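Secondary and tertiary structure notes
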Amino acid sequence: MATAISGPRVLLRQLRETMAEPLASQDRLDKIVDLIAENMHADVCSFYVLRDDGALELFATHGLKPESVHMTTLRLGEGLVGLIAAEAEPLSLENAPAHPSFAYRPETGEDPFSAFLGVPVLRAGQTLGVLVVQNRDHRVFGEDEIEAMLTTATILAEMIATSDFDSLIKPGQDIDLRRPRTFNGTGFTDGIALGQVVLHDPRVVVDNFIAEDTEQELRRLSAALDTMRVSIDDMLSHGDMQSFSDHREILESYRMFAHDRGWVDRLTEAIDNGLTAEAAVERVQNDTRARMMRSTDPYIKDRLHDLDDLANRLLRILTGDGHSVGMKELPENAILVARNMGPAELLEYDRSRLRGLVLEEGGATAHVAIIARSLGLVAVGQAENIVSMSEAGDDIIVDGPAGTVYLRPTSDVEQTYVDKVRLTAKRRAHYLELRDKPSITRDGIEITLLHNSGLVADLPMLDDTGAAGVGLFRTELQFMIASKLPRLSEQVELYSEAIRLTGDRPIVFRLLDIGGDKVIPYLRSAVEENPAMGWRSLRLALDRPGLLRIQIRALLQAANGGPLKILVPMVTDAWEFRETRVVVNKELDRLRHAGEKVPEKLDLGAMIEVPSLLWELDRLLPEADFVSIGSNDLVMFLTAADRANPRVSKSYDPIAVPRLRALRHIVDMAKRYGVPLTMCGELAGKPVEALALMSVGMTRLSMSPPSIGPIKEMVLGLELEPIRKSVAAALLDGADGVGIRELLLDWAARQNLSV
């Protein structure tokens, strides 16, 4: 009977010395399996690596035939080794050949061995390989031996990830860690981007695995846990991180996990076995992630992200990693990969080098997606698990229209997309040729095309697209990217520059629209159960009149005597619009009394995005100089479907009969009162949706700059009147069974329109 392990700390110390020796990769690996066998008092120690073709290849062995190294393979799920790799769980057997999954490989010479212990080699929850020890005698491996093997596997996982390991891989093959992967998500924008991965919240790299002083590591862990718990409690008490309606629930989950005794005990046990505090976090999170990834319980899978974030927070405290990726230099063609992020975080990056954005979460109408479109980035969301599968610098392709992301693409896929990019460039050149053509349908209906914007960097694109002006300038972006409340002079400077860049074309400034998922860190508010329907936008502005007055004052001064258009967001009742006009008039009087210029023409408009306003239009329209529809919020409230929640946001077609009837009602009322109407939500920038809007009488559409070309091309080839009559018939009472989208696609095919 074999004796127990000498001690995991002894083994780890020997491994550290071996890693520091100037050895060739295979020699180092051979010495490692020798050390493991010696310390485990095992007759055999073998290390298998998972290849990109799904085969587990024997990379090193002590005790089996040397000639079987790099020759013996098992398929994923085949034999005991394949079973461990597939299930990512340790397996200890007293009599391995009796197990139903046992697979005999005669070339290895493993006939005489009975006792078996195998553990998965994991990184970010992914199986990279399997580490095995075997004995001739029947024996039961104890918990301390399993723990020692798992600890050793943590070291091996990092070794596999280094470039030094590449010399052991046969030509034409690769390890599973680096195999190409495809993610099918939801496209937020058109276009194709090829580049390199930049992780928004990069995995903390642990380079110090083996503890010098276990007691010191335990103290470091305890202090880091205390710091993390205090920070979570602080966020919960101050409500700093309310990006989404369920964010408090997430923080509560963090707090629960941070105080979980079982989690802390596993971290402590890993340190007791000789790991540093940060290596213990890495080790425990690897094991936990592997189990949770393979769970079929959706609740457990949802909690996986919470644990990942918690572990990363703890690692950042232990390593002192401040995480300021946005300020670091980006590669030339950077593709940002993130779990989720806010618009202000996206704006921190160098936009001259950023080509695309990939999110694991998020919806197409989330504000970060809107900003991505505004910046001209190719963006895809709902690419499940891409963060854990990616490494910084990986090649990546983002296909916006298809919603597909190729991580580490093969050469043939890459060449296909290089050709597509060339074709896209030709289409852009074609759209450039259309910029000076009047946007008029074949049957003579003029459609005014405008930009949505929020950054002065967008505005020079007016010359490229030929847009008639800016239908929506989101002033809140200046507030979101600032570290403190912008002063009056800073606001005047921004608005003046925006007016200068638009020239003689109109620009509509929307007043501050914050709250909900647009968080301003220096404007704290109480935690709300549903911030999208809470204290936000105009409600916040009317409750904080100083904030509203300063912004209106800045806009009036920036106009410098020229014309000015101000849009009031999220009007719920007509009286709110009247209150805003009172503030505007007071600021006008203030300018006059100071002897300063007032706008030669001031138009004050209302944004229609709250359903209750649809029954207040007879009160609102006589008082408004113009109105704009915010389709993103309006559709969300009409369907009671959170637009940031992909589970429900994609369940409701925004141009289905009920929603299109509501939009047609607004069009009819605006015509009755002779008030100009613009659609400035994201619907306007999608060809089929834009066709639906035109079919109910909308002739002013505002969209992200990249959408102007495709929409104008459609307008120029369109005969609109017969489509309007067809849609009108479909919207009649009793016609609910008619599919508006299918109807429009049929018309597009008949008129040879590109949608």
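Computed from a predicted structure; not experimentally measured.

This part covers the sheet that holds strand E1 (residues 44-50). The strands making up a sheet associate through hydrogen bonds between their backbones, and the pairing can be parallel or antiparallel. Ordered by their spatial adjacency, six strands build an open sheet running E3-E2-E1-E6-E5-E4, and the pairing between neighbours is antiparallel. With partners counted over all chains shown, the strands left at the sheet margins are strand E3 (73-75) and strand E4 (91-93), one partner each. Recorded for the sheet is a direction-independent mean angle of 20 degrees between the axes of neighbouring strands. As judged from the three bridges shared by strand E2 (residues 55-62) and E3, these two strands associate in the antiparallel manner. When the sheet's bridge partners are listed, Glu 57 is paired in E3 with Thr 73. Sheet strands touched by helix H2 (residues 25-40): E1, E2, strand E5 (115-123) and strand E6 (126-135). Its angle to E2, the strand with the most contacts, is close to 70 degrees. Those strands touched by helix H4 (residues 143-161) are E1, E4, E5 and E6, and its axis lies near 40 degrees from that of E5.

Residues Glu 143, Asp 144, Asp 213, Glu 215, Glu 269 and Asp 272 make up a contiguous surface patch of negative charge. When contributions to the negative patch are tallied by element, the ones reaching two or more residues are H4 and helix H7 (261-272). The exposure class assigned to Asp 213 is partly exposed, which follows from its relative accessible area of 38%.

This part is about the packing of H7 against helix H8 (residues 277-293). In the contact formed by H7 and H8, the axes pass within 8 Å of each other and the chain directions differ by 125 degrees. Between H7 and H8, the interaxial angle falls into the category oblique. The chirality of how H7 crosses H8 is right-handed. Along its contact with H7, which presents Trp 263, Arg 266, Leu 267, Ala 270 and Ile 271, the element H8 presents Ala 277, Ala 280, Val 281, Arg 283, Val 284 and Thr 288. Each residue belonging to the contact of H7 with H8 can be placed in one class, and the counts come to eight nonpolar, one polar and two charged.

Attention now moves to helix H19 (residues 574-593). In this model, H19 (20 residues) spans 29 Å end to end at C-alpha, consistent with the 28 Å of a helix rising 1.5 Å per residue. Buried residues of H19: Ala 574, Glu 576, Phe 577, Thr 580, Val 583, Val 584, Glu 587, Leu 588 and Leu 591, and no others. With its phi angle positive at about 75 degrees, Gly 595 sits one or two positions after the end of H19.

Moving on, we come to empty space enclosed by the protein. What the rule picks out here adds up to eight cavities of 30 Å³ or more. Empty space within the second largest cavity amounts to approximately 150 Å³. Lining the second largest cavity are 16 residues; nearest its centre among them are Tyr 48, Leu 74, Val 81, Ala 103 and Glu 110. Secondary structure elements with two or more residues in the lining of the second largest cavity: E1, helix H3 (79-87) and E6. Within the lining of the second largest cavity, the residues separate by chemical class into nine nonpolar, five polar and two charged.

Spatially, the eight strands line up as an open sheet ordered E7-E14-E13-E9-E10-E11-E12-E8, and their pairing is mixed. Edge positions in the open sheet fall to strand E7 (181-184) and strand E8 (186-187), since each of these has one partner strand only.

Let's shift gears to the packing of aromatic side chains. For the structure shown, the criterion picks out three aromatic pairs. Considering the side-chain rings of Tyr 406 and Tyr 417, the 5.3 Å spacing of their centres and the 55 degrees angle between planes classify their relative orientation as tilted. Of this pair, Tyr 406 sits in strand E14 (residues 404-407) while Tyr 417 is found in helix H13 (residues 411-434), placing the two residues eleven residues apart along the sequence. Judged on exposure class, the residue Tyr 406 and its partner Tyr 417 are both buried.

Negative phi characterises most residues that are not glycine, and trans characterises most peptide bonds. A positive phi angle, close to 50 degrees, is found at Arg 408, a residue other than glycine. Turning to its location among the elements, Arg 408 is positioned in the loop between E14 and H13. A relative accessible area of 9% places Arg 408 in the buried class. A positive phi angle, near 60 degrees, is found at Asn 752, a position not held by glycine. Take Asn 752: it is sitting in the segment after helix H27 (740-750). Using a relative accessible area of 71% as the deciding quantity, one classes Asn 752 as exposed.

Moving on: the packing of H2 against H4. Two packed helices can be described by the angle between their axes and the distance between those axes. With their axes 12 Å apart at the nearest point, H2 and H4 run at an angle of 170 degrees to one another. As judged from the angle between their axes, H2 and H4 are roughly antiparallel. Packed against H2, whose contacting residues are Ser 25, Arg 28, Leu 29, Ile 32, Ile 36 and Met 40, the element H4 presents Glu 145, Met 149, Thr 152, Leu 156 and Met 159 at the interface. When grouped by side-chain class, the residues that make up the contact of H2 with H4 number seven nonpolar, two polar and two charged.

Where charged atoms from two side chains of opposite charge come close, those side chains can pair. Within this structure, the stated rule accounts for 35 salt bridges. One salt bridge connects Glu 78 with Arg 105, and the closest N-O pair in it is separated by 2.7 Å. In this pair, Glu 78 sits in the loop between E3 and H3 while Arg 105 sits in the loop between E4 and E5, placing the two residues 27 residues apart along the sequence. We note a salt bridge from Arg 353 to Asp 350, for which the minimum N-O separation is 4.0 Å. Among the residues examined, Arg 353 registers a relative accessible area of 22% and is labelled partly exposed.

Attention now goes to the pairing of strand E11 (residues 354-359). When you tally the buried positions in E11, you get five out of six residues, the bulk of the element. Pairing of strand E10 (residues 334-338) with E11, which is carried by five bridges, proceeds in the parallel orientation. In the strand pairing of E11, Val 337 is matched with Val 358.

Where burial is concerned, most of E10 is hidden: five out of the five residues are buried. Judged by which residues are buried, E10 turns out to be covered on both faces: Ala 334, Leu 336 and Ala 338 on one side and Ile 335 and Val 337 on the other are all buried. Across four bridges, strand E9 (residues 192-199) lies against E10 in parallel orientation. Note on E10: the bridge partner recorded for Val 197 is Ile 335.

Cut-offs and rules
- Residues numbered from 1 in each chain as written.
- Predicted model: local features only at pLDDT ≥ 70, side-chain atom pairs only at ≥ 80, totals over all residues.
- Heavy atoms only, no water.
- Pairing = 2+ DSSP bridges.
- Helix = DSSP H or I, 4+ residues; strand = E, 2+ residues; numbered from the N terminus.
- Axes fitted to C-alpha atoms, helices over the stretch in contact; angles between N-to-C directions.
- Contact = heavy atoms within 4.5 Å.
- Patch = residues over 30% accessible without salt bridge, like charges linked within 9 Å, V, L, I, M, F, W, Y side chains within 5 Å.
- Areas by Shrake-Rupley, 256 points an atom, 1.4 Å probe, with all protein chains shown as cover.
- Salt bridge = Lys/Arg side-chain N within 4 Å of Asp/Glu carboxyl O.
- Lys, Arg positive; Asp, Glu negative; His and termini not counted.
- Charge placed at Lys NZ, Arg CZ, Asp CG, Glu CD.
- Buried < 20%, exposed > 50% of the residue type's maximum accessible area, 1.4 Å probe, protein only.
- Parallel < 35°, antiparallel > 145°, perpendicular 65-115°, else oblique.
- Left-handed = near helix turned anticlockwise from the far one by under 90°.
- Nonpolar A, V, L, I, M, F, W, Y, C, P; charged D, E, K, R; others polar.
- Expected span 1.5 Å × (residues − 1).
- 1 Å grid on protein atoms, 1.4 Å probe; cavity = no way out; pocket = protein on both sides within 12 Å on 5 of 7 lines; lining within 4 Å.
- Points joined across faces, edges and corners; volume = space filled by probe spheres on them.
- Phe/Tyr/Trp six-rings, centres within 6.5 Å; stacked < 30°, edge-to-face > 60°.

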